[in-house]
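An overview of the molecular structure
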Amino acid sequence: MVEGVTVRVRFAPSPTGIFHVGGARSALQNWLYAKQHQGTLVLRIEDTDAARNSPEWIDGIISALDWIGIRRGTYEGPYLQSDYAGEHQAAAARLYEAGRAYYCDCTRDAVQVRTGNQYAGYDGYCRDRGLGPGEKTALRFRTPDEGETVVEDLIRGTPTFENRLIEDFVVARSDGTAVFLLANVVDDIAMGITHVVRGEEHLPNTPKQQLLWAALGFEPPVWAHVPVVVNEKRQKLSKRRDKVALEAYRDEGYLPEAMRNYLMLLGWAPSGDREIVPWEVVEAEFRIEDVNPSPAFFDEKKLRAFNGEYLRMLSVDDFVAACQPWLHGDAAPWRPEDFDPKAFEAVAPLAQTRVAVLSEIVAMVDFLFLPEPPVDEAARAKAMKEGAADLLDAAIAAFEAAPWEAAALKAALEEVGAARGLKLGKAQAPVRVAVTGRSVGLPLFESLEVLGRERTVARLRNARDRMD
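Below, the structure is looked at part by part. (Residues numbered from 1 in each chain as written. Predicted model: local features only at pLDDT ≥ 70, side-chain atom pairs only at ≥ 80, totals over all residues. Heavy atoms only, no water.)

Looking at the overall build of the protein
What counts, and what does not: Helix and strand definitions here come from DSSP, where helices need a minimum of 4 consecutive H or I residues and strands a minimum of 2 consecutive E residues; each element is numbered from the N-terminal end. The buried label goes to any residue with under 20% of its type's maximum accessible area, the exposed label to any with over 50%, and the partly exposed label to all in between, with areas taken from a 1.4 Å probe on protein chains only. Each accessible area value is a Shrake-Rupley result obtained with a 1.4 Å probe; residue values ignore everything except the protein chains displayed when judging cover. His is not counted, nor are the chain ends; Lys and Arg add positive charge and Asp and Glu add negative charge. Charged groups are reduced to one reference atom each: NZ for lysine, CZ for arginine, CG for aspartic acid, CD for glutamic acid.
Per the secondary structure count, the protein includes 19 helices and 12 strands. If one aligns the C-alpha atoms of the protein with their principal axes, the spans along those axes are about 100 × 50 × 40 Å. Across the 468 residues of the protein, 49% fall into the buried class. Carbon and sulfur atoms provide 50% of the accessible area of the protein, an area that totals close to 22300 Å². With 55 positive and 70 negative side-chain charges, the protein shows a spacing of 4 Å between the two charge centroids.

Structural notes on the sheet that holds strand β1 (residues 8–11)
Cut-off, in case you're wondering: The pairing criterion for strands is at least two bridges between them, as found by DSSP. Here, axes are lines fitted to C-alpha atoms. For helices the fit covers the stretch in contact, and angles between N-to-C directions go from 0 to 180 degrees.
One open sheet accounts for 3 strands, arranged β1-β2-β3; its pairing is parallel. At either end of the open sheet lies a strand with only one pairing partner, and these are β1 and β3 (76–80). Here the strands of the sheet are splayed against their neighbours by 25 degrees on average, with no regard to which way each runs. In terms of strand pairing, β1 meets strand β2 (residues 40–45) through 4 bridges, oriented parallel.

Examining the environment of A429
By secondary structure assignment, the location of A429 is in helix α17 (residues 424–436). Sequence-wise, A429 and A383 are 46 residues apart; in three dimensions their C-alpha atoms are separated by 5.8 Å.

Re the sheet that holds strand β5 (residues 138–141)
Judged by pairing direction, the sheet is antiparallel, and its 3 strands sit side by side in the order β4-β5-β8 without closing on themselves. The sheet is open, and its two edges are formed by β4 (101–104) and β8 (170–172), each paired on a single side. Looking at each pair of strands side by side, their axes are set apart by 45 degrees on average, direction ignored. Relative to β8, β5 runs antiparallel, the two being bridged by 2 bridges.

Concerning the nonpolar core
This is how the line gets drawn: Nine residue types can take part in a nonpolar core, namely buried Ala, Val, Leu, Ile, Met, Phe, Trp, Tyr and Cys, and a core is a set of them joined through side-chain atoms within 4.5 Å. By definition in these notes, contact holds between two residues if any of their heavy atoms fall within 4.5 Å.
If you look at the biggest cluster of nonpolar residues, it comprises 59 residues, and the most contacted ones within it are F319, W334, F344, I361, V365, F399 and V431. For this core, the element with the most residues is helix α15 (residues 388–401), which contributes 8 residues. Setting aside chain neighbours within four positions, we find W334 in contact with L327, F339, V362, V365, D366, F369 and L370. By size, the runner-up hydrophobic cluster in this structure holds 53 residues, among which are V7, A24, L28 and M264.

Describing the side chain of Q428
One can find Q428 in helix α17. Once residues lying within four places of it in the same chain are set aside, the contact partners of Q428 are L413, L444 and F445.

Some words on the pairing of β4
Successive side chains on a regular strand alternate, one facing one side of the sheet and the next facing the other. Alternating positions in β4 separate into two faces, A101 and Y103 on one and Y102 and C104 on the other, with burial throughout. In this structure, β4 lies alongside β5, joined through 4 bridges in antiparallel fashion. Bridge pairing in β5 links Y103 to L139.

Looking at the pattern of salt bridges
Which entries qualify depends on this criterion: Within this document, salt bridges are pairs made up of a side-chain nitrogen of Lys or Arg and a carboxyl oxygen of Asp or Glu, the two lying within 4 Å of each other.
Counted by the stated rule, this structure contains 28 salt bridges. Between D390 and R420 there is a salt bridge; the shortest N-O distance is 2.5 Å. Placement of the pair is D390 in helix α15 and R420 in the loop between α16 (406–418) and α17, with a sequence separation of 30 residues. Residue class for D390 comes out partly exposed when judged on its relative accessible area of 40%. The class for R420 is partly exposed, based on a relative accessible area of 33%. A salt bridge links E400 to R461, with the nearest nitrogen and oxygen atoms 2.5 Å apart. Here E400 is found in helix α15, whereas its partner R461 is found in helix α19 (residues 453–465), with 61 residues between them in sequence. On the accessibility criterion, E400 (43% relative accessible area) is partly exposed.

Description of a negative patch on the surface
The cut-off we apply is this: By definition, no residue in a patch forms a salt bridge, and every one has over 30% relative accessible area; like charges are joined within 9 Å, nonpolar side chains (Val, Leu, Ile, Met, Phe, Trp, Tyr) within 5 Å.
Residues D317, D318, D340 and E345 make up a contiguous surface patch of negative charge. Of note, D340 is situated in the loop between α11 (316–328) and α12 (341–352).

By themselves, these figures tell us nothing about what the structure is for.
Listed below in structure tokens is the structure:
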């Protein structure tokens, strides 16, 4: 409750494409605000753009919300905006009948000719022409000539707009369908929305919507316009230019807990010098009034670091479970019958400290489950230089005789290297590339222990033979 008001907020995405990370942040903020005030989050799908909408996008929205923790049963809906078309048209008719709207047949070109300015807004030419509905007439709201519209915003204070600077805006098209401004207001009224938490890009529309609320006889909601999310160049995140699809991060192997934590930090911070905090802390401390109005930088590198920290906080069993979709999915390059779960469990604690996203696990462990490892040719060229053949011969002999456990294998290769004036790092480079195909990866000797003597020596021999 907020001062005797039962809070009802809404998240209203359009099913026209990927689920934007900025939208995911707004959804979380609305959901959390509702929970903190024993209120309700309403999910409304704004599907009136028939040319761009697709039913599978609705499923995608629900799936994405579920992934970040906003599951069915914790919100009301989903409702479809298209189901309220009758209410939209009825509201437009009431505005017209009350003299708060009028019909207009002006084209943009005609306005430009009259004003001599291609950037000019509508000039009110049809206000008193007495036009009625028709195939070429749109319905415009009659904006008051005087006064000002004050927006009460929990984040931005009281932005004030002079009414004389707000053009008479279209509320319904010539075919009778309502435009976004009116449909949005009518839906919010019908659903009893008390607070609107949304992106600041909607702030210029807010005085128009507030005028519509008043013209329809209702008090406007409490507004909260959260900051726009920008990239490293401080440009608003764009799906044409930036990696913004929540689904892409999910499919790459980000944990929902890490993504949820990071998204909540876009414009807000918990107390103390900390950022990675349990969700219970976010729930307890988040206040929409504390959100910084300045643009919020979406830093993918920082998100990766967040995710790595969250992966390392998992138990080993949970990490193994989290990796399963990548170990058995289409991304796995090995045959299902060649995958050894015991071998993976043996190296999982080592991999857990090294991967930042779960999809990286495939390249980290593929050498264990493929007949031959995929070879990084650049790494091979760097490692297999003069002296590498002699070192591999000695390593083969040492490994054939050494006890097959990591410490003994390390000691054996240290001795091989020392005899040739090489420190362990230099000595193990050609061995690592020969066995794993790469110059970096899991700790070498623990990997060899899991791979086994027979396969290790065979790969060393193959690498040595290719050097002749």
